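Chain and residue survey
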Amino acid sequence: MTDKLAHEETLDPANWSEVRSMGHRMMDDVMNDLSSIRSRPVWKRIPDAAKASLNIPVPREPQSLESVYDEFRKNVEPYALGNRHPSFWGWVIGSGTPTGVLGDMLASAMNTNASGFEQSSAYVEAQVINWFKSLMGFPEEATGLLVSSGSAGNLTSLTVARDAMLPDALNDGLFSLGKRACVYASDEVHNSVDKAVGVLGLGRSSLRRIATKDDFTIDVDALRAAIEKDKREGAIPICVVGTAGTVATGAIDDLSSLADICQENGLWYHVDGAFGAIAALSDELRPRLKGIERADSLAFDLHKWLYVNFDAGCVLVRRPDAQLHSFSIPASYLSTLHGGIATGPLRYGEMGVDLSRGFRALKAWLSFKTYGFDKYARLVDQNVAQAQFLAELVEAHDNLELVAPVPLNVVCFRYVAKNLSDSALDELNERILVRLQEDGLAVPSGVRIRGKLALRVANVNHRSRREDFAALVENTVRLGQEMTKKP
Ligand SMILES: *Cc1c(COP(=O)(O)O)cnc(C)c1O
């Protein structure tokens, strides 16, 4: 046994100056890449050789950091998703910032487990959460947690909702109810809510999808009727999910009416504000979110419209004891002491599913303090104004049409040509979309709006300029005309 200790090893370098100089080189490359991102294609297909380099047997022997880094430069970095680029507007994927890169590096260097206890990370996280309580109109005593995503935020919130509304279910399981417990949302709700009700054992069919109006917001009369019907039939309504910024078109539900309905019926009120809740930063846009401050729980992302580097989302819960009720379970190996590290009021490991957690709060704290929230408010306004600009270009062109209203930062449009059937137009627009991406020109994503295939631009990009949207319109029209030209 002592033989094994004759030459003790470590993963630290024998020569720190080597790893230090590699670090400097990497940081130079990172900043060069970010500052020149505009001059490169948005997206490139991954060559077979690069894929093959990522399908090798288990590496047993060491290799120099420099040579592995060379492989990264050759086979990994160039084939990114593309969301750092000013012409990327697919799905809803934030662009990140150089400050966020540094924040991630510093967090990784501290390498803390941000589960709570008496350490700085807990107070940094509390600081960030307190800023959001203030920005979103939540009371001081509300609790909150940084999570990995909007999906995790919705799951965390709906867990808390389930346990607050069905006190016996937490210990005895849902079967002890003998009845169906129902969650209500519009038919435009994000599928992470379907995922959550499935994971929570409520059953996906217990998510009642309420019809939307022409503006893609929930029909509140239909919602009232659905709740009444379920009550009459012996089901238990527990929660309404309002959406602040639907994923397809950016529609904002009537959040005040939903709050009223929840109040009247004694239901938990959750708002999925993945990107749309961030409009609360803007004086001009905030009135449209009226009612969000009445939510029992709110989930939103930092990695979408706050441009924080992946990944980061946030949950706020109004009732101070509700989050701990769902997630805190006494265990001697986690118990607090009268002094030392295991003290402190902040118990983030007991407010969600993760016990061990990275220091997500640091990149957010570093970014928010460095840029200041007024700048974020201006960028949010800018993204909305750019969406309006794009919508105007679309409306002004005979070969383009808007497929949905543009209430926020999402534009859904398509190429149209005379004498083409709806299905031919769907096919044509898909071909245009694929060519835009494959030619590395721009990345909208696809969506079906009331059955029509559309190009969808979700603008959560602080690098985009007006000219980028003008170029998107030009390229869409050019491709559409080429593809419909008679031979
Ligand atoms: C993106 C989005 C989600 C999911 O958030 P992730 O961070 O991607 O998990 C949920 N709801 C809405 C409205 C979204 O736009």
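Please read these numbers as outputs of a predicted model, since none were measured by experiment. (Residues numbered from 1 in each chain as written. Predicted model: local features only at pLDDT ≥ 70, side-chain atom pairs only at ≥ 80, totals over all residues. Heavy atoms only, no water.)

Note on pairing: side chains with opposite charge can pair once their charged atoms come close. A full pass over the atoms with the stated rule returns 27 salt bridges. One salt bridge connects Arg 209 with Asp 194, and the closest N-O pair in it is separated by 2.6 Å. On the criterion of sequence distance, the pair formed by Arg 209 in strand E3 (residues 207-210) and Asp 194 in helix H8 (residues 191-199) is long-range, its members being 15 residues apart. Judged by its relative accessible area of 42%, Arg 209 is partly exposed. In this structure, Arg 208 and Asp 230 form a salt bridge, with 2.8 Å as the shortest nitrogen-oxygen distance. You can see Arg 208 sitting in strand E3 and its partner Asp 230 sitting in helix H9 (residues 220-232), a full 22 residues away along the chain. The exposure class assigned to Arg 208 is partly exposed, which follows from its relative accessible area of 23%. Asp 230 sits in the buried class, given a relative accessible area of 5%. (Salt bridge = Lys/Arg side-chain N within 4 Å of Asp/Glu carboxyl O. Helix = DSSP H or I, 4+ residues; strand = E, 2+ residues; numbered from the N terminus. Buried < 20%, exposed > 50% of the residue type's maximum accessible area, 1.4 Å probe, protein only.)

Take the packing of helix H13 (residues 373-396) against helix H15 (residues 466-484) next. Between H13 and H15, the shortest axis-to-axis distance is 10 Å and the interhelical angle comes to 30°. As the angle between them shows, H13 and H15 are arranged roughly parallel. As H13 packs across H15, the resulting crossing turns out to be right-handed. Of the residues in H15, those touching H13 at Gln 386, Phe 389, Leu 390 and Leu 393 are Arg 466, Phe 469, Ala 470, Leu 472 and Val 473. The residue makeup of the contact of H13 with H15, split by class, is seven nonpolar, one polar and one charged. (Axes fitted to C-alpha atoms, helices over the stretch in contact; angles between N-to-C directions. Parallel < 35°, antiparallel > 145°, perpendicular 65-115°, else oblique. Left-handed = near helix turned anticlockwise from the far one by under 90°. Contact = heavy atoms within 4.5 Å. Nonpolar A, V, L, I, M, F, W, Y, C, P; charged D, E, K, R; others polar.)

Paired through their backbone hydrogen bonds, the strands of a sheet run either parallel or antiparallel. One open sheet accounts for four strands, arranged E8-E9-E11-E10; its pairing is antiparallel. Of all strands in the sheet, those bounded by a partner on one side alone are strand E8 (400-402) and strand E10 (445-449). The mean angle between the axes of side-by-side strands here comes to 45°, regardless of whether they run parallel or antiparallel. With four bridges joining them, strand E9 (residues 410-415) and strand E11 (residues 452-458) adopt antiparallel strand pairing. Pairing of Phe 413 across the sheet is with Leu 455, part of E11. Those strands touched by H15 are E8, E9 and E11, and its axis lies near 25° from that of E9. (Pairing = 2+ DSSP bridges.)

Moving on, we come to the sheet that holds strand E5 (residues 268-272). The mixed open sheet is built from seven strands, whose spatial order is E1-E7-E6-E5-E4-E2-E3. If you trace the sheet from one side to the other, it starts and ends with strand E1 (143-147) and E3, each paired once. Each adjacent strand pair in this sheet contributes to an overall mean axis angle of 20°, direction not counted. With five bridges connecting them, strand E6 (residues 297-301) and strand E7 (residues 313-317) associate as antiparallel partners. Each residue of the ladder has a partner; that of Ser 297, found in E7, is Val 317. With respect to the sheet, helix H6 (residues 150-165) is in contact with E1, strand E4 (236-243), E5, E6 and E7, its orientation differing from that of E5 by roughly 180°.

What follows deals with the packing of aromatic side chains. For the structure shown, the criterion picks out 13 aromatic pairs. Each ring, one from Phe 132 and one from Phe 300, has its centre 4.9 Å from the other, and the planes form 65°; the classification is edge-to-face. Of this pair, Phe 132 sits in helix H5 (residues 120-136) while Phe 300 is found in strand E6, placing the two residues 168 residues apart along the sequence. For the residue pair Phe 132 and Phe 300, the accessibility class agrees, reading buried in each case. Taking 6.1 Å as the distance between ring centres and 85° as the angle between the ring planes, the aromatic pair formed by Tyr 371 and Tyr 376 counts as edge-to-face. (Phe/Tyr/Trp six-rings, centres within 6.5 Å; stacked < 30°, edge-to-face > 60°.)

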